[in-house]
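Here is how the chains run, residue by residue.
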Amino acid sequence: MALTRRRFGALAATLAAPALTPALVDAQPLDALHAAAKNEGELTWYVVPYPSELAETMGRRFSERYPGIRVNVVRTTAQVAYQRLNQDIKAGTPACDVFSSTDLAHFLDLKARKLLLPYTPPSAAQLDRHLQNLDPDGTYHVTSAFPMGLVYNKQKVQGADVPSSWNDLLDPKWRGLASVAHPGFSGAAGAWSLEMRRLYGDAWFKKLADNKVQVGRSTIDTVTTVNSGERSISAGPITLAARTADRGNPVGWAVPKEGLVMVVSPSAVMASSKRPNASRLFMEWLIGSDDVVELGRAEFGIPLRTGLQPPGGLPAMGSTKTLAPTPKQMRDDLPAVVELWKDAFGV
């Protein structure tokens, strides 16, 4: 299933519905899976979408829910994680059991190379129907999603200066005061850059570079630099911005008039996993557990179950325009965007 803009619009309308209580996955099969997983004892999770602290918390929570299974968390940016994964495979020492990335192209490539274990968790039925069957063969499934929007420092940016368009990043008044992430490292930045190219064309990146924006490796950095006051505005995840603001920091977020960029992150069990039962159980937990819903709400994540509302005043996906590149666009078009970026910024 291609996550087209039309599909995201339909998804948004569904998520705007009143909250429902989803049916829980039958406990008996999970008990049997847990018993088999305990014999394996651990799993290694290469994870991109979550900040390191949250990823570690998730690993611990899983181990509390399913005693006897340790989660080794390896959190990096998308392209670093993918490079490490391929180096492991080439060396014949595969370490990763479950792979979670913000770059959809990674999963198309891994599937084509037959490196993913086909597995559809029963809990996937709890996902909104527009997020189900991202891969009709069941080799990867959506486990998280977050919107990229405009982030700003409330102490430095007020009133009419609050950005309302992606093009505001080019405004001379923000010269040397804006931050973005590099699409060559971050899958989320890659999705965002594809949409900026679609909206404004190839020359936009040179204009962005000319405005002396700061470039980080992760979209997390774009919120950090705004929060510290090092930069005044950025293109970043508004979910993280909302969580940062809730902790008493001077961070605000805005929905660009052109639309938010939705970053969808799948996860998959690696075919080379030596701990397939623990990996399957972890996939079940990532998609269907109340633990993940609870942690997501605490961290201002976008819920994936039908009918659940985003926390902290974040816009439901049905309430605003949403942009999203398809997996095929991420695979076929992103390399050209990275080259445009390198030409513009020299990195």
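> What's the story with the pairing of strand β7 (residues 233-237) in this structure? I'm lost.
For β7, the buried fraction is high: five of the five residues fall into the buried class. By the bridge criterion, five bridges tie strand β4 (residues 141-153) to β7 in an arrangement that is antiparallel. For M148, the partnering residue across the bridge sits in β7 and is P237.

> Please clarify how the packing of aromatic side chains should be interpreted in this entry.
Here the structure, examined in full by the defined rule, presents 15 aromatic pairs. Here F62 and Y66 contribute two aromatic rings whose centre-to-centre distance is 5.3 Å and whose plane-to-plane angle is 50 degrees, an arrangement assigned as tilted. Each member of the pair, F62 as well as Y66, is classed as buried. Following the ring pairs from residue to residue traces out a cluster consisting of W166, W192, Y200, W204, F205, W341 and F345.

> What exactly am I supposed to notice about the side chain of N211 here?
Mapped onto the elements, N211 comes out in the loop between α7 (204-210) and β6 (214-216). For N211, a relative accessible area of 4% corresponds to the buried category. A distance of 2.9 Å separates a polar atom in the side chain of N211 from the backbone oxygen of L169.

> I tried to follow the confidence of the model for the protein on my own but got confused; where do I start?
Reading fine detail from the predicted coordinates is not recommended where pLDDT is low. Per-residue confidence for the protein averages 88 on the pLDDT scale, and 90% of its residues sit at or above 70. Taken together, the stretch residues 1-25 has pLDDT below 50 and engages in 67 contacts with residues farther than four places along the chain or on a different chain.

> Whenever I open this one, the pattern of salt bridges confuses me. Can you help?
If charged atoms from side chains of opposite charge come close, those side chains can pair. Going through the model one piece at a time under the given rule, you end up with 19 salt bridges. Linking R65 and D291 is a salt bridge whose minimum nitrogen-to-oxygen distance equals 2.6 Å. Residue R65 is located in helix α3 (residues 52-65), and its partner D291 is located in helix α11 (residues 290-298); the two are separated by 226 residues in the primary sequence. You can call D291 buried: its relative accessible area is 3%. E195 is the salt-bridge partner of R198, the closest N and O atoms lying 2.9 Å from each other. A residue pair is termed a helical-turn pair when its members lie 3 or 4 positions apart in one helix, as R198 and E195 do in helix α6 (residues 187-200) at three residues. The exposure class of E195 is buried, given its relative accessible area of 2%.

Parameters and conventions
- Residues numbered from 1 in each chain as written.
- Predicted model: local features only at pLDDT ≥ 70, side-chain atom pairs only at ≥ 80, totals over all residues.
- Heavy atoms only, no water.
- Buried < 20%, exposed > 50% of the residue type's maximum accessible area, 1.4 Å probe, protein only.
- Helix = DSSP H or I, 4+ residues; strand = E, 2+ residues; numbered from the N terminus.
- Pairing = 2+ DSSP bridges.
- Phe/Tyr/Trp six-rings, centres within 6.5 Å; stacked < 30°, edge-to-face > 60°.
- Polar contact = N/O pair within 3.5 Å; in protein donor to acceptor, adjacent residues only side chain to side chain.
- pLDDT = per-residue confidence, 0-100.
- Contact = heavy atoms within 4.5 Å.
- Salt bridge = Lys/Arg side-chain N within 4 Å of Asp/Glu carboxyl O.

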